[in-house]
Amino acid sequence: MKEQAEDKNTEMGTVISRSEEFIRKNQKTLIIILCAILVIILAIFGLRKWYFQPRETRAASEMFAAEQWYAQGDFQKALDGDDTHRGLLSVIDKYGCTKAGNLAKYYAGIANLQLGNFQEASKWLGKYKGKDAFTGSIAKMAQGDAEMELGNTDNAIRHYLQAAKNDKNEITTPSALFKAGMGYLMLEKNKEALECFQQIKDNYRESTEWNDIDRYIAIAENAK
C-alpha cells in the first residue's frame, strides 16, 4: 500500500512537472491566446452596448408611426410610410436584424394579406421569427391563409398543422386544425380531415369551432 501511494505521488509529481514545463515553453503563446479571448469578450460587450442596443432603440422609435397606421387599418401606408416617417418595408430594410425589424416582418405579412398581396404576405410571414408561441402560431396560420389564396393547398395545410402544434390553446389550435381539415377536404383527403375535426371535438370543447364540429365530422365521414 505504501509503495502504491508513493507511485501515485510520483506520477502526480511528473504530471505537474510536465504541465509546468509546457506552460514555461508556451508562455508567450498562452498569453496571446488569453489576450485574444479577452479582446473578443470586450468586443462582444462593446458591440452589444454601443451598437446593437442603440439600433434596437432607433428601430422601435422609427417604426412607431407605421405601427399606428397598421392599427388604424391603413395597411398600404403602414407598408410604404410617408415623406416623414418610415414604413414597415423601410424598417425591415434598415433594421431587419433587430427585434423591431423582426416584428415589422409580421406586420408586413398581415398588411399584405389584408391588401390581397398573398405572395408578399407569405414571404414576410415566413421570415418572421415568433419569440412567443402564440404570435408564432398566428403568423403560421396567416401564412397558411396566404398560401391557400395562392392555390397552394398542400403548403397551406402544412402551415396550419405547424400552427396547431406550436402553441396548444383554445384559440389558435382549434382554428388551425379546422383550417387544415377544410384543406384536406378540398384535396379529398377525408381521413386526414376527419382526424383534424376529431381532435377539435375531443380536446377543445371551449372553442368556437367545437360548436359546429359534428357537422364537419359527418361531412368527412360521408365524403367519397
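Residues numbered from 1 in each chain as written. Predicted model: local features only at pLDDT ≥ 70, side-chain atom pairs only at ≥ 80, totals over all residues. Heavy atoms only, no water.

Q: With reference to specific residues and values, describe the pattern of salt bridges.
A: If you walk through the whole model with that rule in mind, you get 5 salt bridges. The salt bridge partner of Lys 123 is Glu 120, with a shortest N-O separation of 3.4 Å. Taken as a pair, Lys 123 and Glu 120 lie in helix α6 (residues 118-127) at a separation of 3 residues, close to a single helical turn. (Salt bridge = Lys/Arg side-chain N within 4 Å of Asp/Glu carboxyl O. Helix = DSSP H or I, 4+ residues; strand = E, 2+ residues; numbered from the N terminus.)

Q: Residue-level account of the nonpolar core, with values.
A: By size, the foremost hydrophobic cluster in this structure holds 28 residues, and its most contacted members are Met 63, Tyr 70, Leu 88 and Tyr 106. Those elements that provide at least two residues to this core are α2 (27-71), α3 (75-80), α4 (88-95), α5 (99-115), α6 and α7 (133-149). Among the elements that take part in this core, α5 stands out by supplying 8 residues, more than any other. Residues in contact with Leu 88, not counting those within four places in the same chain, are Met 63, Ala 66, Ala 78, Leu 79, Ala 104, Tyr 107 and Ala 108. Residues Ala 164, Leu 177, Ala 193 and Ile 213 belong to the second largest nonpolar core, which totals 21 residues. (Core = buried A, V, L, I, M, F, W, Y, C linked by side-chain atoms within 4.5 Å. Buried < 20%, exposed > 50% of the residue type's maximum accessible area, 1.4 Å probe, protein only. Contact = heavy atoms within 4.5 Å.)

Q: So what about helix α11 (residues 213-222)? Which residues, and what values?
A: Restricting attention to buried positions, one finds in α11 the residues Ile 213, Tyr 216, Ile 217 and Ala 220. Buried residues of α11 fall within an arc of 105 degrees about the axis and therefore sit on the same side. (Arc of directions from axis to C-beta.)

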